[in-house]
Amino acid sequence: DQLSYLQDRVALEGFLRTATQRESVRRHLRLIDTTLDPGYCAQTEVVFSCTGTYPLFLPQGFALRTAAQGNELAVVYETAHDAVLHPTLSGVALSVDAPSSVDGKQVVLAANLSGVPLTGMWLLIEDGSTREWMQVDSATFAAATTTVTLKTALTATYPVTSARVQGNRVRVTHGATQVQTQTGTG
């Protein structure tokens, strides 16, 4: 019985339609000059909130995890690139309702962010359950406000009383790096 089972398994792996092992599929595709995509781990964007006076450097590979709930283990993520976190971008209030222009591309923040390189940065604008990621095209600074021009128009309206803007967006990947060392005699 065991020998028949193994023979059936080997025979099934010999055809692309019935192959169940990734390596078998990869070898079949190689015969017709096609490569199998290696696949990638899950990726997402995380917004960091920080306090303090000076920017904080976050190195690539910095590990963070979700809280374990019940029988489920915590999920581990690592930062995909080096990042600089600016405390001034942690929960910035609006100065006026957003958008503040007819074309829907301007947002006036209630903070002078002149020391923060905003051009090209992604901002999360949120109010309760409504949220949008927007990329900054340019910024102008005044005494107590910063006017941000976005690359695309906002799709929702955000009131000055409850909306917040978050910066410090960092891409993270699922999984933890494992360091393996080997010692040998020769």
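The following refers to the structure shown. In this text, all values refer to a predicted model and were calculated from it rather than measured experimentally.

### Quick look at the nonpolar core
Within soluble globular proteins, side chains that are nonpolar generally end up buried alongside one another.
Logical step 1: Ranked by internal contacts, the top residues of the largest apolar core, which has 22 residues, are Leu 94, Val 107, Leu 109, Leu 118, Ile 125, Leu 154 and Tyr 158.
Logical step 2: Of all the secondary structure elements, the ones that give two or more residues to this core are strand 7 (106-109), strand 8 (122-127), strand 9 (130-141) and strand 10 (146-150).
Logical step 3: In this structure, Leu 118 is in contact with Leu 89, Leu 113, Val 136, Ala 139, Phe 141, Thr 146 and Val 148, ignoring residues within four places of it in sequence.
Logical step 4: Counting residues in each nonpolar core, the second largest holds 8 residues, with Val 46, Ala 83, Leu 85 and Val 172 among its members.

### Here's the deal with the sheet that holds strand 1 (residues 43-47)
Logical step 1: Overall, antiparallel pairing links the 4 strands, which are arranged 1-12-4-3 in an open sheet. Of all strands in the sheet, those bounded by a partner on one side alone are strand 1 and strand 3 (63-65). Between one strand and the next, the sheet's axes are offset by a mean angle of 40 degrees, whatever the strand orientation.
Logical step 2: In this structure, strand 3 lies alongside strand 4 (residues 76-79), joined through 3 bridges in antiparallel fashion. Paired with Leu 64 across the bridge in strand 4 is Tyr 77.

### Re the packing of aromatic side chains
Logical step 1: Following the criterion strictly, the structure yields 0 aromatic pairs and no others.
Logical step 2: One cation-aromatic arrangement involves Arg 169 over Trp 122; the distance from NZ or CZ to the ring centre is 4.5 Å.
Logical step 3: Just above the ring of Trp 133 sits the side chain of Arg 169; from NZ or CZ to the centre is 4.7 Å.

### Regarding the sheet that holds strand 6 (residues 92-93)
Logical step 1: Taken together, the 6 strands give an open sheet; going across it, the order is 6-11-8-9-10-7, and neighbouring strands pair in antiparallel fashion. Sheet topology places strand 6 and strand 7 at the edges, where each strand pairs with a single neighbour.

### Focus on the side chain of Glu 78
Logical step 1: Topologically, Glu 78 is positioned in strand 4.
Logical step 2: In this structure Glu 78 is buried but unpaired, with Arg 65 as the nearest side chain of opposite charge at 8.5 Å.
Logical step 3: Excluding anything up to four places from it in sequence, Glu 78 contacts Gly 61, Phe 62, Ala 63, Arg 171, Val 172, Thr 173, Gly 175, Ala 176 and Thr 177.

Conventions and cut-offs
- Residues numbered from 1 in each chain as written.
- Predicted model: local features only at pLDDT ≥ 70, side-chain atom pairs only at ≥ 80, totals over all residues.
- Heavy atoms only, no water.
- Core = buried A, V, L, I, M, F, W, Y, C linked by side-chain atoms within 4.5 Å.
- Buried < 20%, exposed > 50% of the residue type's maximum accessible area, 1.4 Å probe, protein only.
- Helix = DSSP H or I, 4+ residues; strand = E, 2+ residues; numbered from the N terminus.
- Contact = heavy atoms within 4.5 Å.
- Pairing = 2+ DSSP bridges.
- Axes fitted to C-alpha atoms, helices over the stretch in contact; angles between N-to-C directions.
- Phe/Tyr/Trp six-rings, centres within 6.5 Å; stacked < 30°, edge-to-face > 60°.
- Lys NZ or Arg CZ within 6 Å of the ring centre and 35° of its normal.
- Lys, Arg positive; Asp, Glu negative; His and termini not counted.
- Salt bridge = Lys/Arg side-chain N within 4 Å of Asp/Glu carboxyl O.

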